[in-house]
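# Chains, contacts and geometry: an overview
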Amino acid sequence: MEFGLLGEKLGHSFSPQIHRALAGYDYQLLPTPPEAVEDLFRRRPFRGLNVTIPYKRTVMDLCDEVDPRARAIGAVNTVVNRAGRLTGYNTDLDGLMYLARRTGVDMAGKKVVVLGSGGTSHTACAAARELGAAQVITVSRRGEDNYGNLSRHAGAQVLINTTPVGMYPHNGASPVSLDAFPQLTGVLDVVFNPLRTALILAAEERGLPCAGGLAMLVAQARRASELFTGSPIPDGRTEEVLRELTGQVRNVVLIGMPGCGKSAVGRELARRMGRPFADLDKLIEEQAGRTIPEIFAQEGEAAFRSLESQVVREAGRETGRVVSTGGGVVTRQENRAPLRQNGVIVHLTRDLSLLSKKGRPVSQGTDLGELWAQRAPLYRAFADITVENSGTIQETAGKIEKELNAL
């Protein structure tokens, strides 16, 4: 074996795809129980390994040499086999510093609060210090600085989350409320699935420089690849791979007036992009065992909207899909975050005179001009881009692809 990722329960990982894109070598996932790690390092049947939880500290004692930066952090995430001699490094440090610089989160002279006390927390503290932080505080569940006394650090200017809170499949959870830190100038989260955690979405709402951990993942992999091969990788390749990966995992979510063509355009877009297609109205009907007109007639709109929000939360956790929503999904603000966490939201517009009312209870009972007046501001608030559906389905899908490629 050449290279791989060592961990106890790896689950879904982007690492093989990233490493192959960066350097083209064979890279495998190595889910390994604790009792087998020592034997693996004794046999050394690899040229290099990345190491993830819970082994970042364990492998330090199994290496022949540990880089001083990794030794100071107390965690190794990259091991290189050079002629049978194992050297441990911490490329997470490079990745987190890249994430901060790329996002524009300046830590020089600032108070930085790091959430969590694991190996990644130590890395984040080291990165903050290297980037010139004046003070670095670690918040944990049981330490002197804990979640019960956050008010002691209300003056924090940068917040870094290194806990798994909010990670898939537990989307929507946040380790803290940003209200506790009114002086923040930047927020980073090492979680990369979803693309935007609840913490990052809250930071976006406040207009703060912020980012999830996908760029960190790619940047640390680039540095690990350089250590594995001994060959430099051009700076721009990190951004190229990040863009490719983001485009693959990002959902494309269509919103718009009832009858504007979201389902038809969504199917065509999914076909062109080679992605699964999810029609949330169809998912609602499958879950309820009734048609949407029947749900409206039997239980009313409020019951339908509650069911819709439930389906939105479930669908929003998934990645790499084209998603068509119902026309009224924007009437509940709670639906915005689940759709945005992994998606770019496309507002599909169409001349009101061309909108179909068939099978659409709200459209049938309301003047479309009035409905548009009510919902237009909501569509604008949800949307990242707007595309007019004025031509053929194929033409509209092509326009959406063009807009996505420009992001």
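What comes next concerns the included structure.

About the thresholds
- Residues numbered from 1 in each chain as written.
- Predicted model: local features only at pLDDT ≥ 70, side-chain atom pairs only at ≥ 80, totals over all residues.
- Heavy atoms only, no water.
- Pairing = 2+ DSSP bridges.
- Helix = DSSP H or I, 4+ residues; strand = E, 2+ residues; numbered from the N terminus.
- Contact = heavy atoms within 4.5 Å.
- Axes fitted to C-alpha atoms, helices over the stretch in contact; angles between N-to-C directions.
- Parallel < 35°, antiparallel > 145°, perpendicular 65-115°, else oblique.
- Phe/Tyr/Trp six-rings, centres within 6.5 Å; stacked < 30°, edge-to-face > 60°.
- Buried < 20%, exposed > 50% of the residue type's maximum accessible area, 1.4 Å probe, protein only.

The subject of this paragraph is the sheet that holds strand S11 (residues 210-211). Read from one edge to the other, the open sheet built from 5 strands follows the order S8-S7-S9-S10-S11, with strand pairing classed as parallel. Edge positions in the sheet fall to strand S8 (135-139) and S11, since each has one partner strand and no second. Sheet topology note: the strand S7 (residues 111-115)/strand S9 (residues 158-161) ladder contains 4 bridges and is parallel. Residue leucine 115 lies in a different strand from S9, and its bridge partner there is asparagine 161. Running at roughly 140° to strand S10 (residues 186-189), helix H4 (residues 92-103) makes contact with S9, S10 and S11 of the sheet. In the packing of helix H5 (residues 119-130) onto the sheet, contacts are made with S7, S8 and S9, and the angle to S8 comes to roughly 165°.

With an omega dihedral of 5°, the bond running from tyrosine 168 to proline 169 counts as a cis peptide bond. Within the fold, proline 169 resides in the loop between S9 and S10. Between asparagine 193 and the following residue, proline 194, the backbone shows a cis peptide bond with an omega angle of 15°. With a phi close to 55°, alanine 83 is a non-glycine residue in the positive phi region.

A separate point is the packing of helix H11 (residues 292-299) against helix H12 (residues 301-316). In contact at an axis separation of 7 Å, H11 and H12 are set at 130° when each is read in the N-to-C sense. Judged by the angle between their axes, H11 and H12 are oblique. Where H11 approaches H12, its residues Ile292, Ile295, Phe296 and Glu299 are matched on the opposing element by Glu301, Ala303, Phe304, Arg305 and Leu307.

This part is about the packing of aromatic side chains. Inspection of the entire model under this criterion finds 7 aromatic pairs. With centroids separated by 4.4 Å and ring planes inclined at 50°, the aromatic side chains of phenylalanine 3 and tyrosine 25 adopt a geometry described as tilted. With phenylalanine 3 in strand S1 (residues 3-7) and tyrosine 25 in the loop between helix H1 (15-23) and strand S2 (27-31), the pair connects residues that are 22 residues apart, well separated along the chain. Phenylalanine 3 gets classed as buried once you look at its relative accessible area, which sits at 0%.

In this section: the pairing of strand S6 (residues 85-89). Every other side chain in a regular strand lies on the same face of the sheet, so the side chains alternate between the two faces. The buried count for S6 comes to 4 of 5 residues, which makes it a mostly enclosed element. Judged from the 2 bridges that link them, strand S4 (residues 65-66) and S6 form a sheet pairing that is parallel. Looking across to S6, one finds that glutamate 65 is bridged to threonine 87. One ladder, built from 5 bridges, connects strand S5 (residues 78-82) with S6; its direction is antiparallel. Bridging from a neighbouring strand, valine 80 pairs with threonine 87 of S6. In this antiparallel pair of consecutive strands, S5 and S6, the connection spans 2 residues, and alanine 83 shows a positive phi of 55°.

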